[in-house]
Amino acid sequence: MIMFWSFLVIDLITVGIFYAVYGRKQQYCEGMLMGVHIPKSAAESEEVVSFIGKYTKRSHQFYLWNTIASVLISLLNFWYISAFMLVWSLWLVELCVGALLLVYRTHRKLYDLKVERGWIGSTGSRIMAADTKTSAQSGRMGISPWWHLVLVALILMPCLLPGVRDYLKHSDDGWILLTVGVSVGVLFAVLHAVLLRVRNKVYSEDADVNYRINRMWKSTWSWAVLGCGICNTLAYLVMAQFMDERGWISGGVYTVYIILQSFPILFLLGGFFYMYKRKAALLEEDEKPLYIDDDVYWKNGWYNNPNDKRLIVQDWVCPWNYATNMARPAGKISLAAGIIIGVGCLIFAVVMTFKMEFTPIEMWIDPQRVEITSGYSDFSLAYDEITDVEIMEELPEDDYKRVNGGDDGRVLVGKFRGKETGKCWMYIYVDYKPILKISSEEGTVYINSKTDGEVERWAADIREKLNIRAGIFLEKRISCKKARIRV
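Cut-off values and rules
Residues numbered from 1 in each chain as written. Predicted model: local features only at pLDDT ≥ 70, side-chain atom pairs only at ≥ 80, totals over all residues. Heavy atoms only, no water. Axes fitted to C-alpha atoms, helices over the stretch in contact; angles between N-to-C directions. Helix = DSSP H or I, 4+ residues; strand = E, 2+ residues; numbered from the N terminus. Parallel < 35°, antiparallel > 145°, perpendicular 65-115°, else oblique. Contact = heavy atoms within 4.5 Å. Nonpolar A, V, L, I, M, F, W, Y, C, P; charged D, E, K, R; others polar. 1 Å grid on protein atoms, 1.4 Å probe; cavity = no way out; pocket = protein on both sides within 12 Å on 5 of 7 lines; lining within 4 Å. Points joined across faces, edges and corners; volume = space filled by probe spheres on them. Patch = residues over 30% accessible without salt bridge, like charges linked within 9 Å, V, L, I, M, F, W, Y side chains within 5 Å. Areas by Shrake-Rupley, 256 points an atom, 1.4 Å probe, with all protein chains shown as cover. Salt bridge = Lys/Arg side-chain N within 4 Å of Asp/Glu carboxyl O. Lys, Arg positive; Asp, Glu negative; His and termini not counted. Charge placed at Lys NZ, Arg CZ, Asp CG, Glu CD. Buried < 20%, exposed > 50% of the residue type's maximum accessible area, 1.4 Å probe, protein only. Expected span 1.5 Å × (residues − 1). Phe/Tyr/Trp six-rings, centres within 6.5 Å; stacked < 30°, edge-to-face > 60°. Pairing = 2+ DSSP bridges. Core = buried A, V, L, I, M, F, W, Y, C linked by side-chain atoms within 4.5 Å. Polar contact = N/O pair within 3.5 Å; in protein donor to acceptor, adjacent residues only side chain to side chain.

Q: What is the right way to look at the packing of helix α1 (residues 2–22) against helix α4 (residues 81–117) in this model?
A: When two helices pack together, their arrangement is given by the angle between the helix axes and by the axis-to-axis distance. Where α1 contacts α4, the two axes come as close as 11 Å, and the packing angle between them is 5°. By the angle class used here, α1 and α4 are roughly parallel. Of α4, the residues touching α1 (which contributes Met-3, Phe-7, Asp-11, Thr-14, Val-15, Phe-18 and Tyr-22) are Ile-81, Phe-84, Trp-88, Trp-91, Leu-95, Cys-96, Ala-99, Leu-100 and Val-103. Tallied by class, the residues present in the contact of α1 with α4 amount to 14 nonpolar, one polar and one charged.

Encoded structure:
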């Protein structure tokens, strides 16, 4: 049920974001329609109005069907998670590719129509423009990204506390949280630095207007990204406090952590809407507007300008998004890497969920050790490491937290940590009894089977091996005593 509601909300938000970014480009703004510079008279012509009307209809149909599909696909969570992950991954790829193709093809058709009709951009438009005074200030606007190093240092400081060090020593999730906190903090620092170094854009023949807009743009981005970094740091410090004071992080604390890590979305959205509104107000006051008609470099939907040394440029589709210059090798490499990593992550997630759900949990008892195999991870224990074997009707009452592995409502597989139990490994089919508990110095292993009587057979075999080894050990001690007596 949790998976269903979580993915349903995520899917609807995703469709909404795609619609807001790619599905609402029909308005004539700043001398452009669908990212193509044409005169306002051309944008209001019957030919173009009809063309945009067809695009609007197709766009509404595309996002309506994807909204319905997202709801139906989320229902697969009540069947098999692996089937859901496979269909959901295919749907996500379809949404991304479909949204881009829809807007890019429309953009290209309108560009071709502009060339065919001989339209030029708004009066006085140019293919390129430069404002040397504003360009010289590109790296000097906004807040310094070095402040993020202070935030990263704050994340590392709790490592000096004895309670936090002890938690990191005995719990894997502590290291996961620390790694995520530092990595996200560094990522925000890099993003901050990149945004400040993006070349300032020319909007007007008035250098003061250009300076004010670009300064506002970068200052707002700086505060937004810095706010994201602050939320990331606060989220980790909350977790570190419970590591130090209680030595345990409950589900409620994780909820607070997730909420704090979600605040950056609000910072970015708030910053975007403020920038958009403020920019429009500044441009309305401008008496010397300047329109840059660089459509030839965007004609396919992406930026391709071999004469531009920039790698990152502001995207035409969304003013708060940035694109790479595909005329540069680094642009092609970054795009290819992004696609490979994204598709690779989806394939990995699908394969892992299929393995967890359809690879049976099995135990192999050989003369030297006990080995457990499953779809997620394998586990082995030598008989010298086993301290006790017990058959239980159900798991002990405890607050269990998954460190790694899977929990899809049918199986519990992987490493867990209980508030009272401590470190443990679970290989459990939910709703199947009994459960075999294997205690060791490293932690506890819980395992069961769908086959009647198999848990009892496992317990008997392990006890037999333990008794044999105990007998061998006793014989060796007796032999050693006899040898000493003879001496």
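Q: Would you take a moment to explain empty space enclosed by the protein for this structure?
A: Gaps left between atoms are located by rolling a probe of water-molecule size over the structure's atoms. Taken as a whole and judged by the stated rule, the model has one cavity of 30 Å³ or more. A volume near 30 Å³ is recorded for the largest cavity. What lines the largest cavity is His-170, Ser-171, Asp-172, Val-403, Lys-415, Phe-416, Arg-417 and Lys-423. Top contributing element to the lining of the largest cavity by residue count: strand β10 (residues 411–418), with three residues. Here the lining of the largest cavity is composed, by residue class, of two nonpolar, two polar and four charged.

Q: How do you make sense of a positive patch on the surface when you look at a structure like this?
A: Together, Lys-54, Arg-58, Arg-105 and Lys-109 make up a region of like positive charge exposed at the surface. Contributing elements (two or more residues each) for the positive patch: α3 (46–74) and α4. For Lys-109, the location among the structural elements is in helix α4. Note on Lys-109: relative accessible area 42%, which makes it partly exposed.

Q: How should I be thinking about unusual backbone geometry in this particular structure?
A: Excluding glycine, residues mostly have negative phi values, and the peptide bonds linking residues are mostly trans. Cis rather than trans, the peptide bond between Lys-433 and Pro-434 has omega equal to -5°. Take Pro-434: it is sitting in the loop between β11 (422–429) and β12 (435–440). Backbone geometry at Met-34 places phi at a positive 55°, although glycine is not the residue there. By the element assignment, Met-34 lies in the loop between β1 (32–33) and β2 (36–37). Looking at Met-34, the relative accessible area reads 1%, which means it is buried. You will see that Asp-431, though not glycine, has its phi angle at about 75°, which is positive. Following the sequence through the fold, Asp-431 ends up in the loop between β11 and β12.

Q: It is not clear to me how the packing of α1 against α3 should be interpreted in this structure. Could you clarify?
A: One can describe the packing of α1 onto α3 by two numbers: an axis separation of 9 Å at closest approach and a directional angle of 170°. Taken together, α1 and α3 sit at an angle that is classed as roughly antiparallel. Here α1 contributes Phe-4, Phe-7, Leu-8, Asp-11, Leu-12, Val-15, Phe-18, Tyr-19 and Tyr-22 to the contact with α3, which in turn contributes Tyr-55, Ser-59, His-60, Tyr-63, Asn-66, Thr-67, Ser-70, Val-71 and Ser-74. Per-class residue counts for the contact of α1 with α3 are 11 nonpolar, six polar and one charged.

Q: Would you explain helix α9 (residues 207–245) in this entry?
A: Residue pairs three or four apart in sequence face the same way in an α-helix, which turns once every 3.6 residues. Here α9 spans 56 Å end to end across 39 residues, near enough to the 57 Å set by a 1.5 Å rise per residue. At the C-terminal side of α9, Gly-247 shows a positive phi close to 65°.

Q: How should the packing of aromatic side chains be read in this particular structure?
A: When we look at a pair of aromatic rings, we describe it by the centre distance and by the angle of the planes. Summed over all chains, the structure comprises 19 aromatic pairs. Geometrically, the ring pair formed by Phe-4 and Trp-5 is edge-to-face, given 5.1 Å between the ring centres and 70° between the ring planes. Residue Trp-5 is classed as partly exposed on the basis of its relative accessible area, which comes to 49%. On the basis of an interplanar angle of 40° and a centroid distance of 6.4 Å, the ring pair of Tyr-104 and Trp-316 is categorised as tilted.

Q: Which parts of the structure should I look at to understand the environment of Ile-462?
A: Assignment of secondary structure puts Ile-462 in helix α13 (residues 454–486). When its relative accessible area of 0% is taken as the criterion, Ile-462 is described as buried. Once the C-alpha coordinates of Ile-462 and Asp-388 are considered, the two residues, 74 residues apart in sequence, prove to be 9.8 Å apart. For Ile-462, the residues in contact, after removing those within four places along its chain, are Met-363, Ile-365, Val-370, Ile-386, Val-389, Leu-436 and Ile-438.

Q: Explanation requested: the pairing of strand β6 (residues 369–373) in the structure shown.
A: Side chains on a regular strand alternate between the two faces of the sheet. On β6, burial follows the alternation: Val-370 and Ile-372 on one face are buried, whereas Arg-369, Glu-371 and Thr-373 on the facing-out side are not. Taken together, the four bridges between strand β5 (residues 362–365) and β6 define a ladder with antiparallel strand orientation. Considered in β6, the bridge of Trp-364 is made with Glu-371. Count of turn residues in the β5/β6 antiparallel hairpin: three residues. Note: β6 against strand β7 (residues 379–382), four bridges, orientation antiparallel. Bridging across to β7, Arg-369 finds its partner in Ala-382. Taken together, β6 and the strand that follows it, β7, pair antiparallel across an intervening segment of five residues.

Q: Mind showing me how you'd approach the nonpolar core here?
A: For soluble globular proteins, the rule of thumb is that nonpolar side chains tend to be buried together. Tyr-22, Leu-33, Tyr-63, Trp-88 and Leu-110 are the most contacted members of the largest nonpolar core, which has 43 residues in total. Among the elements of the structure, α1, α2 (40–43), α3, α4, α11 (295–298) and α12 (329–358) are those that each provide at least two residues to this core. The leading source of residues in this core is α4, at 14 residues. The next biggest cluster of nonpolar side chains, apart from the first, holds 22 residues, and it includes Phe-379, Val-411, Val-445 and Ile-447.

Q: Quick question: what am I supposed to make of the side chain of His-37 here?
A: Residue placement: His-37 occurs in strand β2. A distance of 2.7 Å separates the side chain of His-37 from the side chain of Asp-295, its partner in a polar contact.

Q: Honestly, the layout of surface pockets in this entry has me stumped. Any pointers?
A: Roughly 1400 Å³ of internal volume is contained in the second largest pocket. Along the walls of the second largest pocket sit 40 residues, with Ile-2, Met-3, Arg-402, Gly-405 and Asp-407 positioned nearest its centre. The set of elements that each furnish at least two residues to the lining of the second largest pocket consists of α1, α4, α8 (172–197), α10 (251–284), α12, β9 (400–407) and β10. Looking at which element gives the most residues to the lining of the second largest pocket, the answer is β9, with eight residues.

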